[in-house]
Amino acid sequence: MKLKRNFAKVEEILKKHGYRKDNLIKILLDVQKEYRYLPEDVINYIGVALDISPAKIYGVATFYAQFSLKPKGKYTILVCDGTACHMAGSTSLIGAIKEELNIGPGEVTEDLMFSLDQVGCLGACALAPVMVINEEVYGNLTPEKVKEILRNLKEREMENA
Amino acid sequence: MLRTIDEAIQYIEEKKIERKKKLEDLNVYVCVGTGCAAKGSLKVYEALKKIFKENNVNVNLQKLDDNEERVRKTGCCGRCSSGPWVIVMPYGYFYSEVKPEDVKEIYEETILKGKPVERLLFTDPATGERVERLEDAKFYKAQSFYIMEDIGKCECDSIDDYMGRGGYLSFIKVLKEGNPDWVVKTIKDSGLRGRGGAGFPTGVKWEITKNSKGDRKFVVCNGDEGDPGAFMNRTLLERDPHAVLEGMLIAAYTIGAQKGYAYIRAEYPVAVEMFRKAIEDAKRLGLVGENILGTGFSFDIEIKEGAGAFVCGEETALLASIEGKRGVPRPRPPYPAQVGLWGYPTLINNVETYANVPKIIRDGAENYRKRGVPNSPGTKMFSVTGPVRLTGIIEVEFGTTLRQIVYDICGGLTDDNEFKAVQIGGPSGACLSEAFLDLPLDYDSLKSAGAMVGSGGIVVLSKKACMVEVARFFLDFTKRESCGKCIPCREGLMQSYRILERFTQGKGTYEDLENLEFLAGLIKTASACGLGQTAPNPILSTLRLFRDEYIAHIEGICPSGMCTAFKKYVINPELCKGCGLCARSCPQSAISGERGKPYVIDQEKCAKCGICVEKCKFKAIEIR
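Because the structure is a prediction, the values reported are computed rather than measured. (Residues numbered from 1 in each chain as written. Chains lettered and ligands numbered in written order. Predicted model: local features only at pLDDT ≥ 70, side-chain atom pairs only at ≥ 80, totals over all residues. Heavy atoms only, no water.)

**Overview of the overall build of chain B**
Okay, step 1: Assigned secondary structure in chain B consists of 25 helices and 23 strands.
Okay, step 2: A compact globule built from 624 residues would reach a C-alpha radius of gyration of about 25 Å, and chain B, at 27 Å, matches this within 12%.
Okay, step 3: When its C-alpha atoms are laid out on the principal axes, chain B stretches across 85 × 65 × 40 Å.
Okay, step 4: Among the 624 residues that make up chain B, the fraction classed as buried is 61%.
Okay, step 5: Counting only contacts in chain B whose residues sit at least 6 apart along the sequence, the fraction spanning at least 24 positions is 70%.
Okay, step 6: When the accessible area of chain B is evaluated, it comes to approximately 24,400 Å², of which 49% is carbon and sulfur surface. (Helix = DSSP H or I, 4+ residues; strand = E, 2+ residues; numbered from the N terminus. Rg over C-alpha atoms; globule rule 2.2 N^0.38 Å. Buried < 20%, exposed > 50% of the residue type's maximum accessible area, 1.4 Å probe, protein only. Contact = heavy atoms within 4.5 Å. Areas by Shrake-Rupley, 256 points an atom, 1.4 Å probe, with all protein chains shown as cover.)

**Things to note about the overall build of chain A**
Okay, step 1: Of regular secondary structure, chain A possesses seven helices and five strands.
Okay, step 2: Along chain A, helices and strands appear, N-terminal first, in the series α-α-α-α-β-α-α-β-β-β-β-α.
Okay, step 3: If you line up chain A on its principal axes, its C-alpha atoms span 50 × 35 × 25 Å.
Okay, step 4: The burial tally for chain A puts 50% of its 161 residues in the buried class.

**Notes on the UniProt feature "binding site: [2Fe-2S] cluster" (unreviewed entry) in chain A**
Okay, step 1: Feature annotation in UniProt places "binding site: [2Fe-2S] cluster" (unreviewed entry) on Cys80, Cys85, Cys121 and Cys125 of chain A, given in this structure's numbering. Their sequence span is 46 residues, while the largest C-alpha to C-alpha distance among them is just 9.2 Å; these annotated residues converge on one region.
Okay, step 2: Its place among the elements puts Cys85 of chain A in helix α5 (residues 83-87).
Okay, step 3: For Cys85 of chain A, the contacting residues outside a window of four places in its chain are Cys80, Ser90, Ala128, Pro129 and Val130 of chain A.
Okay, step 4: Here Cys125 of chain A is to be found in the loop between β3 (114-119) and β4 (131-133).
Okay, step 5: Each residue touching Cys125 of chain A, except ones within four places of it in the same chain, is listed here: Ala84 of chain A together with Gly229, Phe231 and Thr385 of chain B. (UniProt positions renumbered as here; feature names shortened; annotations may be inferred.)

**Remarks on the sheet that holds strand β15 (residues 379-385) of chain B**
Paired through backbone hydrogen bonds, the strands of a sheet run either parallel or antiparallel to each other.
All names here are of chain B.
Okay, step 1: Reading across from one edge, β16-β15-β19-β17-β18 is the order of the five strands in this open sheet, with mixed pairing throughout. Because the sheet does not close on itself, it has two edges, and the strands there are β16 (392-397) and β18 (430-433). Along the sheet, successive strands turn relative to each other by an average axial angle of 30°, direction set aside.
Okay, step 2: Sheet topology places strand β17 (residues 419-424) next to strand β19 (residues 457-462); five bridges connect them, and they run antiparallel. Bridge pairing links Gln423 to Val459 in β19. (Pairing = 2+ DSSP bridges. Axes fitted to C-alpha atoms, helices over the stretch in contact; angles between N-to-C directions.)

**Notes on the environment of Thr316 of chain B**
Residues and elements named next belong to chain B.
Okay, step 1: Tracing the backbone through its elements, the reader meets Thr316 in helix α13 (residues 315-322).
Okay, step 2: By relative accessible area, Thr316 is classed as buried at 5%.
Okay, step 3: Residues Thr316 and Arg332, spaced 16 residues apart in sequence, show a C-alpha to C-alpha distance of 8.3 Å.

**Quick notes on the pattern of salt bridges**
Residue and element names in this part refer to chain B.
Okay, step 1: Taken as a whole, this structure holds 63 salt bridges over all chains when the rule is applied.
Okay, step 2: Two residues, Glu155 and Lys22, come together in a salt bridge whose shortest N-O distance is 2.7 Å. Separated by 133 residues along the polypeptide, Glu155 in the loop between α5 (138-141) and α6 (159-164) and Lys22 in helix α1 (residues 5-24) bring together distant segments of the chain.
Okay, step 3: A relative accessible area of 15% places Lys22 in the buried class. (Salt bridge = Lys/Arg side-chain N within 4 Å of Asp/Glu carboxyl O.)

**Brief notes about a positive patch on the surface**
Residue and element names in this part refer to chain B.
Okay, step 1: A surface patch of positive charge is lined by Arg584, Arg595, Lys615 and Lys617.
Okay, step 2: Along the chain, the position of Arg595 falls in the loop between β21 (591-592) and β22 (600-601).
Okay, step 3: By relative accessible area, which is 60% here, Arg595 ends up exposed. (Patch = residues over 30% accessible without salt bridge, like charges linked within 9 Å, V, L, I, M, F, W, Y side chains within 5 Å. Lys, Arg positive; Asp, Glu negative; His and termini not counted. Charge placed at Lys NZ, Arg CZ, Asp CG, Glu CD.)

**Digging into the interface of chain A and chain B**
Okay, step 1: With 35 residues of chain A at the contact, the number on the chain B side is 50 residues.
Okay, step 2: Of all residues in chain A, Phe63, Thr83 and Met87 of chain A bury the most surface against chain B, accounting for 20% of the area lost on that side.
Okay, step 3: Counting across the interface, chain A meets chain B through three salt bridges.
Okay, step 4: In this structure, the connection of chain A to chain B is made through 13 residue pairs in polar contact (both at pLDDT 80 or more).
Okay, step 5: Only α2 (24-35), α4 (54-63), α5 and α7 (143-160) of chain A provide two or more residues apiece to the side of chain A that touches chain B.
Okay, step 6: By residue class, the composition of the side of chain A that touches chain B is 18 nonpolar, ten polar and seven charged. (Buried area = accessible area lost by both parts, 1.4 Å probe. Polar contact = N/O pair within 3.5 Å; in protein donor to acceptor, adjacent residues only side chain to side chain. Nonpolar A, V, L, I, M, F, W, Y, C, P; charged D, E, K, R; others polar.)

**Overview of empty space enclosed by the protein**
Residue and element names in this part refer to chain B.
Okay, step 1: Within this structure, the stated rule accounts for three cavities of 30 Å³ or more.
Okay, step 2: What lines the largest cavity is a set of 15 residues, among which Cys586, Cys606, Lys608, Cys609 and Cys612 lie closest to the centre.
Okay, step 3: Broken down by class, the residue content of the lining of the largest cavity amounts to eleven nonpolar, three polar and one charged.
Okay, step 4: Roughly 70 Å³ of internal volume is contained in the second largest cavity.
Okay, step 5: Ile571, Cys576, Lys577, Gly578, Cys579, Gly580, Cys582, Tyr599, Cys616, Phe618 and Ile621 are the residues that line the second largest cavity.
Okay, step 6: Here the residues of the lining of the second largest cavity are counted per class, giving eight nonpolar, two polar and one charged. (1 Å grid on protein atoms, 1.4 Å probe; cavity = no way out; pocket = protein on both sides within 12 Å on 5 of 7 lines; lining within 4 Å. Points joined across faces, edges and corners; volume = space filled by probe spheres on them.)

**Observations regarding the side chain of Glu157 of chain A**
Okay, step 1: The residue Glu157 of chain A is located in helix α7 in this model.
Okay, step 2: Once you skip the residues sitting within four places of it in the chain, Glu157 of chain A turns out to touch Lys74, Tyr75 and Met113 of chain A.

**Side note on helix α19 (residues 487-504) of chain B**
A turn of α-helix holds 3.6 residues, and therefore any two residues three or four places apart point the same way.
All names here are of chain B.
Okay, step 1: In this model α19 runs 25 Å from its N-terminal to its C-terminal C-alpha over 18 residues, within 8% of the 26 Å that 1.5 Å per residue would give.
Okay, step 2: All buried positions along α19 are accounted for by Pro488, Cys489, Gly492, Leu493, Ser496, Tyr497, Ile499, Leu500, Phe503 and Thr504. End-on, the buried residues of α19 take up no more than an arc of 165°, which puts them together on one face.
Okay, step 3: Turning to α19, the residues buried within the fold contact α18 (467-481), α20 (510-526), α21 (530-534), α22 (537-545) and α23 (547-554).
Okay, step 4: Two residues or fewer past α19, Gly506 is found with a positive phi of approximately 80°. (Expected span 1.5 Å × (residues − 1). Arc of directions from axis to C-beta.)

**What about the sheet that holds strand β9 (residues 218-223) of chain B?**
Residue and element names in this part refer to chain B.
Okay, step 1: If you walk across this open sheet you meet the four strands as β11-β10-β9-β12, and the pairing is parallel. The outermost strands of the open sheet, each flanked by one partner alone, are β11 (300-305) and β12 (346-350). Between one strand axis and the next, the sheet turns through 20° on average, direction left out of account.
Okay, step 2: One ladder, built from six bridges, connects strand β10 (residues 259-264) with β11; its direction is parallel.

**Some points on the environment of Phe63 of chain A**
Okay, step 1: Positionally, Phe63 of chain A belongs in helix α4.
Okay, step 2: Sequence-wise, Phe63 of chain A and Gly104 of chain A are 41 residues apart; in three dimensions their C-alpha atoms are separated by 21 Å.

The following block contains the structure:
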């Protein structure tokens, strides 16, 4: 049996943006902030509410890099692969994360705790290589430092659990 | 709420006096730009606030009653690599890499006694000496601040501070004159060219939009800075949002628009927040909204966040995105100036272009032209990254050479690096070799060198960088970001990427080299929009200036040693003590041996991750 979703939150987001078709991207960004991805039934719901076909919404959702149709982790790790970061060895950071969490770019850990994405540029080139975890920026990284940060986060979760 | 032009002018005059007093008085400015914030400047800010709050400061025997207020947020100081920055006025002491623990000493020495904290003073990499004030550093002197004037001494989140710097006077002047033709003429005479990269004359764009017929018109600010290695727009929106807003207001009045949109990347949350606050503050004072200053002119502005698509920097794609659709460009003409948002005439300019406008109105076209070179007047912000001593945001006049930027401003390359090339203009820019170090940077001379100003990202590359890998890296980016609408770009970039990938894996051939050149030319001529037309630039420029590296790859050598496929990890038996640490840490189980005897790496299994090199305490593992 499929659980029935409560759409009150989506309704609130839609209302905030005045049910305007041209606000679709912002609506999807807000929905994603809420659910950490774009669930199928929510997309359909928005389609009906804004009178846009779900196919068109999928078109938008798959076009922009920010959107995900798969669930994201509680901690979303963004590793910058901009020019400066790439030259400073961002690939090795991906390797370190893979070792520590066993996920690659575009994947999420089984417990939905961590997800990893590689992004074009975070605009903090002076600190290259850089990664961002839930809006916190970590700069001048090495694979060792990355592992340490992830271990600390894991520990914090264990304590809270 | 300011109701008339005279009321506004009077308000600004008051703010000017207040600001002058503020700079002569004791005030601490903390840089909160993304670079400094990432290095913990907000914690420094809080620590300073706390110490001010807890103590009664007596300066010149005068007790301060507004202690906390004296710690202020300032926008990016440009030298992100040495942040967090703290500037103490009225002395002008310029502290770099400040930590929360340093706050106590700053308070005791500088705030109470007016003395500098020597160890925190910025060390000028050019001379190796500590400098007390920002103005004394060579990198500062070598620049030409115009858009970023008042660097380190402006509050990014205060409309009153902006007005204290004479802000909004240009907009008021334009309202007072009531003559859009005069504005167009001034912008045309100034020679301002679009800072988005292509360098189209701004005045001409304004004139066309002004003369276009439409029931409604729109003004759009392009803040979708998707280029890897470029962050000027972000910096500008964070440090001086009102300058951009004022430019948009002047534009709206001139072309007759009632509504504006600022399209900003969602990846820049601080910039979005800062600009949102700027709009709110301007609304509160009556500079945005209905019947502005009683002139009958109404203008409203909305922020539209992007969602991560490089192609949305392309103006027609950006407009589609504002309408809530996929950001797919369409052929031009008709230009947005004729048929834009929802079919109405739309003026679209870059963040930096708008920031120039109030200054041009303030100084007059003739004075503006005193900076830069005849065909590219004014200044340009660049973001510089790579292995140079100082990285961050710089502002120079057009016509400044790469050598001045790399060596005078950025202090040359860091110790263990040697200059090889600069990559300028983002992923669709070009790599320029040492021979171009004395090339003056402006729209036309860069174009003639096969490069472009682009968004203004400069990445310095050292001898350790492999130019084939650099080209592959950029193609990887552009092929991913191609919207896929037209075939030359969608398929051509994919095929070019595959060829480049073969090169970096040591499988390139001479035939590939020919195909690569052919494809690059084809994509350039046959693509529909700017993304495809410029995407082959990294290939063409590296093929022209670093062809020998491509050939070396075919012959089985990566000269810089960057491409992993060419690397071989070998244990030197003379240095190996046989501790076995490497074997235990190898994720591929590629290392074997007997304790006490030299270990060996199985080349078939080795994934070339380099973990063993990190682990080995005897430096026995060599990369060949």
